[in-house]
Amino acid sequence: EAQVTQNPRYLITVTGKKLTVTCSQNMNHEYMSWYRQDPGLGLRQIYYSMNVEVTDKGDVPEGYKVSRKEKRNFPLILESPSPNQTSLYFCASSNAPGFNQPQHFGDGTRLSIL
Amino acid sequence: DQQVKQNSPSLSVQEGRISILNCDYTNSMFDYFLWYKKYPAEGPTFLISISSIKDKNEDGRFTVFLNKSAKHLSLHIVPSQPGDSAVYFCAASADNDMRFGAGTRLTVKP
């Protein structure tokens, strides 16, 4: 089954404690991205990757890091989480390096930073 | 600065009637538009899209209309079904820029 898998689905943690949200896709997609969803703001892109070892900033990259060492994985790293990073996060992938292809989304990770 | 706006946070319609969800954008460089549907505790799923060279795209009960001069697009669902109850996101793209609206929660009442 074609899917994008995020882990964990839920996490409550404290300010300053480094955390990583993993994302893996089994569709051999080149393009992957991370979004956060906040009330009234929709989905905002954090980072995206056009291919292995190629990453770029989206709209709201501050406080986040990513890496793309393998085609299937695109982890999101919060080095020093803060309460304003409490949000619902989605990873997505598509089979073209661009946005004119529908993206496949994971089921989301709800992060609470206390 | 929200470049894609969905001004109606919610919409309620009766089963069998038409649902019309609206979306406005400000960036004239957007050339591709998509609608995603999201159920609770799941990620958004692609529903339908339209290129800026078209003004209409139809897929079963779902039709998307694009009015480039007004920078407006709409999603029509006919007939609406209770299973269509979800949050609908409008998205617009240009090159490597993708923007989403805030979403409209559609409730279809039996």
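Residues numbered from 1 in each chain as written. Chains lettered and ligands numbered in written order. Predicted model: local features only at pLDDT ≥ 70, side-chain atom pairs only at ≥ 80, totals over all residues. Heavy atoms only, no water.

Caption draft 1: Expanded view of the nonpolar core. Residues and elements named next belong to chain B. Ranked by size, the top nonpolar core spans 24 residues in total, and within it F33, W35, L73, L75 and Y88 carry the most contacts. Mapped onto this core, the elements with two or more residues apiece are β3 (19-25), β4 (32-38), β5 (45-51), β7 (62-67), β8 (72-77), β9 (86-94) and β11 (104-109). Ranked by residue count, the leading element in this core is β9, at 5 residues. When neighbours within four sequence positions are excluded, F33 is seen to be in contact with Y25, I48, S49, I50, S52, L66, L73, A91 and A92. (Core = buried A, V, L, I, M, F, W, Y, C linked by side-chain atoms within 4.5 Å. Buried < 20%, exposed > 50% of the residue type's maximum accessible area, 1.4 Å probe, protein only. Helix = DSSP H or I, 4+ residues; strand = E, 2+ residues; numbered from the N terminus. Contact = heavy atoms within 4.5 Å.)

Caption draft 2: Quick peek at the interface of chain B and chain A. Of the residues lining the interface, 21 residues belong to chain B; the matching set on chain A comes to 21 residues. Summing both sides of the interface, chain B and chain A together bury roughly 1700 Å²; the carbon and sulfur share of this comes to 56%. Three residues stand out in chain B for area buried against chain A, namely N96, M98 and F100 of chain B, and they jointly supply 31% of the buried area on that side. Where chain B packs against chain A, one counts 1 salt bridge. R99 of chain B is the salt-bridge partner of D59 of chain A, the closest N and O atoms lying 3.0 Å from each other. Here chain B and chain A share 5 residue pairs in polar contact (both at pLDDT 80 or more) between them. Looking at the side of chain B that touches chain A, the elements with two or more residues in it are β4, β9 and β10 (97-100) of chain B. Looking at the side of chain B that touches chain A residue by residue, the classes come out as 10 nonpolar, 5 polar and 6 charged. (Buried area = accessible area lost by both parts, 1.4 Å probe. Salt bridge = Lys/Arg side-chain N within 4 Å of Asp/Glu carboxyl O. Polar contact = N/O pair within 3.5 Å; in protein donor to acceptor, adjacent residues only side chain to side chain. Nonpolar A, V, L, I, M, F, W, Y, C, P; charged D, E, K, R; others polar.)

Caption draft 3: Looking closely at the environment of K69 of chain A. Residue and element names in this part refer to chain A. Structurally, K69 is set in the loop between β7 (65-66) and β8 (76-78). Judged by its relative accessible area of 63%, K69 falls in the exposed class. Each residue touching K69, except ones within four places of it in the same chain, is listed here: V52 and E53.

Caption draft 4: View of the packing of aromatic side chains. Counted by the stated rule, this structure contains 11 aromatic pairs over all chains. When the centroid spacing of 5.3 Å and the interplanar angle of 80° are considered together, the rings of Y35 of chain A and F100 of chain B count as edge-to-face. Here F100 of chain B lies in strand β10 and Y35 of chain A lies in strand β4 (residues 31-38), a pairing that spans two chains. For the pair shown, Y35 of chain A and F100 of chain B are each scored as buried. Each ring, one from Y36 of chain B and one from F100 of chain B, has its centre 5.8 Å from the other, and the planes form 45°; the classification is tilted. Taken together, the residues Y36 of chain B in strand β4 and F100 of chain B in strand β10 connect sequence positions 64 residues apart. (Phe/Tyr/Trp six-rings, centres within 6.5 Å; stacked < 30°, edge-to-face > 60°.)

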